[in-house]
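Listed below, chain by chain, are the residues.
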Amino acid sequence: MIAKIQELLEEVEKLKASNLEEVEALRIKYLSKKGSLNALMADFRNVPAEMKKEVGMKLNDLKAKAQEKIAALKEAVDTQDCGTGELDLTRTAYPVSLGTRHPLTIVKNEIVDIFSRLGFTLAEGPEIEDDWHVYSSMNFADDHPARDMQDTFFVEARPDIVLRSHTSSVQARVMESQQPPIRVICPGRVYRNEAISARAHCFFHQVEGLYIDKNVSFTDLKQVLLLFAQEMFGKDTKIRLRPSYFPFTEPSAEMDISCNICGGEGCSFCKHTGWVEILGCGMVDPAVLEANGIDSSVYTGYAFGMGIERITNLKYQVKDLRMFSENDTRFLEEFKSAN
Ligand SMILES: [Zn+2]
């Protein structure tokens, strides 16, 4: 019996395993119910009484050694698996590919930056708005076509709630919450019920500006917009203002810049006119000031608004509006150097 224990002890000390399956096979061979250790335990009852103490101690010693050895083999195999697997701590860090800013974000940041330098502060508002802030406070007549179901997304259960169709609603929120002087720039996403094509989308982005103070004049507006155009498109850029109509400004104008592709000579981009339209602007209609709690006999102001997609197209000649929202990384990576 003692010789058998000694033999097994030597066997156990020499055990080797190179993977978890082999460790498990050893555990079954020595430590399981039908394993060789249990077989020895069963023989123990046949050991003469005077030898029971010595044999018992040796048996316990063998069992402890076998458990210890198999546990050690298991741990070695576990550690080895980590070392030879996916994780190689000696490798240099593989290149992590950084994303790029979206072109619309790049251009929005640039617009906001230019106006920030002129003293405009950022204002933002909700995209789901009520009729008052989107239309009524902006001097839209009750039967204005913008209020038509064909043009604007209405919330079915609450027809006075809409997805804002312009960022002018943010101007309204600023005017109702603070008195002049007001000088804010409001970027944001707007929604219109348009069929999606290369030239139109059901959502796009705007930046609007609002300046209200005593003695604000159209000359101030023109000077600020000229400065903006030259900062955005180059110092040789010229502007021209054409009379137009908007419900919230009077007088109103649309602004063109000299075509930045042909330099004003005429090309297919500017339809051979040398000019491209970039924004709408005007003096805030006194009715809008009054509707928003500002005394129009004391204060005057100007406002302007532009589409960020439009400005981005002018800067980068993106031919199809849909590319801005298709999340094609090949398109987005084109703007890496502009970041
Ligand atoms: Zn041109």
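None of these values were measured; they are calculated from a predicted model. The residue numbering used here restarts from 1 in each chain and proceeds along that chain's sequence as written. Totals for whole chains, interfaces and linings use all residues, but because this is a predicted model, local features are given only for residues with pLDDT of at least 70 and pairs of side-chain atoms are given and counted only at 80 or more.

**Looking at unusual backbone geometry**
Definition in use: In this description a helix means any DSSP run of H or I spanning at least four residues, a strand means any run of E spanning at least two, and both kinds are numbered starting from the N terminus. Neighbour counting defines burial: a residue surrounded by 20 or more other C-beta atoms within 10 Å of its own C-beta is buried, one with 12 or fewer is exposed, and intermediate counts give partly exposed, using backbone-placed C-beta atoms.
Looking along the chain, the bond that leaves P180 and enters P181 is cis, with omega of 5 degrees. With an omega of -5 degrees, the peptide bond between E250 and P251 qualifies as cis. Mapped onto the elements of the fold, P251 is located in strand β8 (residues 249-258). In the Ramachandran plot, H272 falls in the positive-phi region, its phi being about 60 degrees despite a non-glycine side chain. Tracing the sequence through the fold places H272 in the loop between β8 and β9 (275-284). Classification of H272 by C-beta neighbours within 10 Å gives exposed; the count is 11.

**With respect to the sheet that holds strand β2 (residues 128-130)**
Sheets are built from strands that pair by backbone hydrogen bonding, the pairs being arranged parallel or antiparallel. The condition is simple: At least two bridges found by DSSP between two strands is the condition for calling them paired.
Read across the open sheet, the 3 strands follow the order β2-β4-β3; overall the sheet is antiparallel. The strands lining the two open edges of the sheet, one partner per strand, are β2 and β3 (154-155). Across 2 bridges, the pairing between β3 and strand β4 (residues 158-163) is antiparallel. Looking at the pairing, F154 lines up with V162 of β4.

**A short note on the domain arrangement of the chain**
Note the cut-off: All domain edges in this entry derive from an automatic or database-based domain assignment.
Along its sequence, the chain is carved into domain 1 (2-79) and domain 2 (103-338). Computed over C-alpha atoms, the centres of domain 1 and domain 2 are 83 Å apart.

**So, the environment of N60**
Here N60 lies in helix α4 (residues 52-84). The class for N60 is exposed, based on 11 C-beta atoms found within 10 Å. In this structure, the C-alpha to C-alpha distance between N60 and L37, residues 23 residues apart in sequence, is 9.8 Å.

**As for the packing of helix α5 (residues 103-117) against helix α10 (residues 308-316)**
Relative placement of two packed helices is described by the angle separating their axes and the distance separating the axes. For the record, the criterion: The convention used is that axes are lines fitted to C-alpha atoms, helices contributing only their stretch in contact, and that angles between N-to-C directions extend from 0 to 180 degrees. Orientation is classified from the angle alone, with under 35 degrees giving roughly parallel, over 145 giving roughly antiparallel, 65 to 115 giving roughly perpendicular, and any other angle giving oblique. Residues are treated as contacting if the C-beta atoms built from their backbones sit within 7 Å of each other. When residues are sorted by character, Ala, Val, Leu, Ile, Met, Phe, Trp, Tyr, Cys and Pro go into the nonpolar class, Asp, Glu, Lys and Arg into the charged class, and all the rest, Gly among them, into the polar class.
In the contact formed by α5 and α10, the axes pass within 9 Å of each other and the chain directions differ by 100 degrees. One element, α5, and the other, α10, form an angle in the roughly perpendicular class. Across the interface between the two elements, P103, L104, V107, K108 and I111 of α5 pack against I308, E309, I311, T312, K315 and Y316 of α10. Class assignment for the residues of the contact of α5 with α10 results in 7 nonpolar, 1 polar and 3 charged.

**Here we look at the sheet that holds strand β7 (residues 239-246)**
Pairing is mixed in the open sheet, where 7 strands are placed in the order β1-β5-β6-β10-β9-β8-β7. Each of the sheet's edge strands pairs with one partner strand only, and the pair in question is β1 (121-122) and β7. Alignment of β1 against strand β5 (residues 182-191), held across 2 bridges, turns out to be parallel. Looking at the pairing, L122 lines up with I185 of β5. Strands β7, β8, β9 and β10 (300-307) of the sheet are contacted by helix α8 (residues 218-233), whose axis makes an angle of about 125 degrees with β7. Sheet contacts for α10: β6 (203-213), β9 and β10; angle to β10, the most-contacted strand, approximately 60 degrees.

**A few points about the UniProt feature "binding site: Mg(2+)" (unreviewed entry) in the chain**
We apply this condition: UniProt positions are given in the numbering used here, feature names are shortened, and annotations may be inferred rather than shown by experiment.
This chain's UniProt record puts "binding site: Mg(2+)" (unreviewed entry) on E250. Among the secondary structure elements, E250 is positioned in strand β8. Each residue touching E250, except ones within four places of it in the same chain, is listed here: G282, M283 and D285.

**Notes on the environment of F44**
Mapped onto the elements of the fold, F44 is located in the loop between α3 (36-43) and α4. Remark: the alpha-carbon pair of F44 and R147, spanning 103 residues in sequence, is separated by 97 Å.

**Details of the pairing of β5**
With 7 of 10 residues buried, β5 lies mostly within the body of the structure. As paired strands, β5 and β6 are joined by 10 bridges and run antiparallel to one another. Opposite R183, over in β6, you have Y211 as the bridge partner.

**Side note on the nonpolar core**
To keep it simple, the criterion reads: Any set of buried Ala, Val, Leu, Ile, Met, Phe, Trp, Tyr and Cys residues joined through C-beta atoms within 7 Å is what this text calls a nonpolar core.
Ranked by size, the top nonpolar core spans 48 residues in total, and within it L225 and C281 carry the most contacts. When residues in this core are grouped by element, the largest group, 6 residues, is from α8. The contacts of C281, once residues within four sequence positions are left out, are L221, L225, A253, M255, Y302, A303 and F304. Core analysis: the second largest hydrophobic core is formed by 9 residues, V23, L37, L59 and A66 among them.

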